[in-house]
Each structure stands twice: as structure tokens, then as C-alpha cells.
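# A structural walkthrough
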Amino acid sequence: RNHGVAIACPTVQSAFVRLQYFLTCAEAQLLASAPSTPPDELDPALCRFTRDQFEAQERHTGFAPEWRALCRLLDRRLPGYAE
């Protein structure tokens with residue numbers, strides 16, 4: 001019943017970077033929940049602070065540095081993908 005994640009953003013660049021962050025966070029959460037002892041819950045204030053930093057970064061840079069880095073990574077891992 002799960003058809004995956006949907007990312008809606010004003011630009012492809014922003015959507016791609018947000019998707020990469022989402023995948024990284026999902027993997028970390030999966031690894032954290034693997035041991036028999038559940039991870040400690042984070043303080044909601046810390047979560048809000050982190051979210052606010054993330055949103056400010058997107059407003060300030062439009063994720064341009066991350067976009068360029070992810071494009072370079074894709075070029076190395078899958079040369080010729082754009083042909």
C-alpha cells in the first residue's frame with residue numbers, strides 16, 4: 001500500500017536535495033531502530049530548531065551547494081546518465 005514518497009518543491013533542484021536528505025534520514029532512523037533497545041526520543045525543541053536551520057538554508061542558498069555536490073556524485077557513480 002505504500003507507493004513511496006512524494007516531494008513537492010518550487011524547483012527540481014530543491015526537490016532533489018530534499019529527497020536526498022529524506023533518504024539519509026530514513027536510513028539513519030532504520031539503523032537506529034534496529035537494535036533491541038529503542039533510541040531515545042529527541043526534544044521537540046531540538047527538532048524545531050533543526051527544521052528552522054534547514055528551512056533557512058534553503059531560503060538562503062536554494063540548496064545550490066548541495067545540488068552541485070550531488071550532480072558531481074552522480075557524474076562519478078553513473079557516467080553517461082545524461083546522454
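These numbers were taken from a predicted model, which means no experiment stands behind them.

## Considerations on the packing of aromatic side chains
By the definition in use, this model includes 4 aromatic pairs. Taking the centre distance of 5.2 Å and the plane angle of 50° together, the rings of Phe54 and Phe63 count as tilted. Chaining the aromatic ring pairs together yields one cluster made of Tyr21, Phe54 and Phe63.

## Digging into the side chain of Glu66
In this structure, Glu66 sits in helix H3 (residues 64-77). In this structure Glu66 is buried but unpaired, with Arg68 as the nearest side chain of opposite charge at 7.6 Å. Polar contacts involving the side chain of Glu66 include one to the side chain of Tyr21, which spans 3.2 Å. Setting aside its immediate chain neighbours within four residues, Glu66 contacts Val17, Tyr21, Gln57 and Thr61.

## Quick word on unusual backbone geometry
A positive phi angle, close to 60°, is found at Phe63, a residue other than glycine. In this fold, Phe63 is placed in the loop between helix H2 (44-61) and H3.

## Describing the packing of helix H1 (residues 12-33) against H3
The geometry of H1 relative to H3 is characterised by a closest axis approach of 9 Å and an angle of 75° between their N-to-C directions. By the angle class used here, H1 and H3 are roughly perpendicular. Residues Val12, Gln13, Phe16, Val17, Gln20 and Tyr21 of H1 touch H3, and the partners they reach there are Ala64, Glu66, Trp67 and Leu70. Classifying every residue of the contact of H1 with H3 gives 7 nonpolar, 2 polar and 1 charged.

## Thoughts on a nonpolar patch on the surface
Taken together, Val5, Ile7, Phe22 and Leu23 make up a surface patch of nonpolar side chains, about 320 Å² in accessible area. With respect to the helices, strands and loops of the structure, Phe22 is situated in helix H1. Given a relative accessible area of 39%, Phe22 falls into the partly exposed group.

## Quick word on the confidence of the model for the protein chain
Low pLDDT marks regions whose predicted coordinates should not be analysed in detail. The predicted model of the protein chain averages 88 in pLDDT, with 99% of residues at 70 or higher. Element-level mean pLDDT values for the protein chain span from 90 in H1 up to 93 in H2.

Analysis parameters
- Residues numbered from 1 in each chain as written.
- Predicted model: local features only at pLDDT ≥ 70, side-chain atom pairs only at ≥ 80, totals over all residues.
- Heavy atoms only, no water.
- Phe/Tyr/Trp six-rings, centres within 6.5 Å; stacked < 30°, edge-to-face > 60°.
- Helix = DSSP H or I, 4+ residues; strand = E, 2+ residues; numbered from the N terminus.
- Buried < 20%, exposed > 50% of the residue type's maximum accessible area, 1.4 Å probe, protein only.
- Lys, Arg positive; Asp, Glu negative; His and termini not counted.
- Salt bridge = Lys/Arg side-chain N within 4 Å of Asp/Glu carboxyl O.
- Polar contact = N/O pair within 3.5 Å; in protein donor to acceptor, adjacent residues only side chain to side chain.
- Contact = heavy atoms within 4.5 Å.
- Axes fitted to C-alpha atoms, helices over the stretch in contact; angles between N-to-C directions.
- Parallel < 35°, antiparallel > 145°, perpendicular 65-115°, else oblique.
- Nonpolar A, V, L, I, M, F, W, Y, C, P; charged D, E, K, R; others polar.
- Patch = residues over 30% accessible without salt bridge, like charges linked within 9 Å, V, L, I, M, F, W, Y side chains within 5 Å.
- Areas by Shrake-Rupley, 256 points an atom, 1.4 Å probe, with all protein chains shown as cover.
- pLDDT = per-residue confidence, 0-100.

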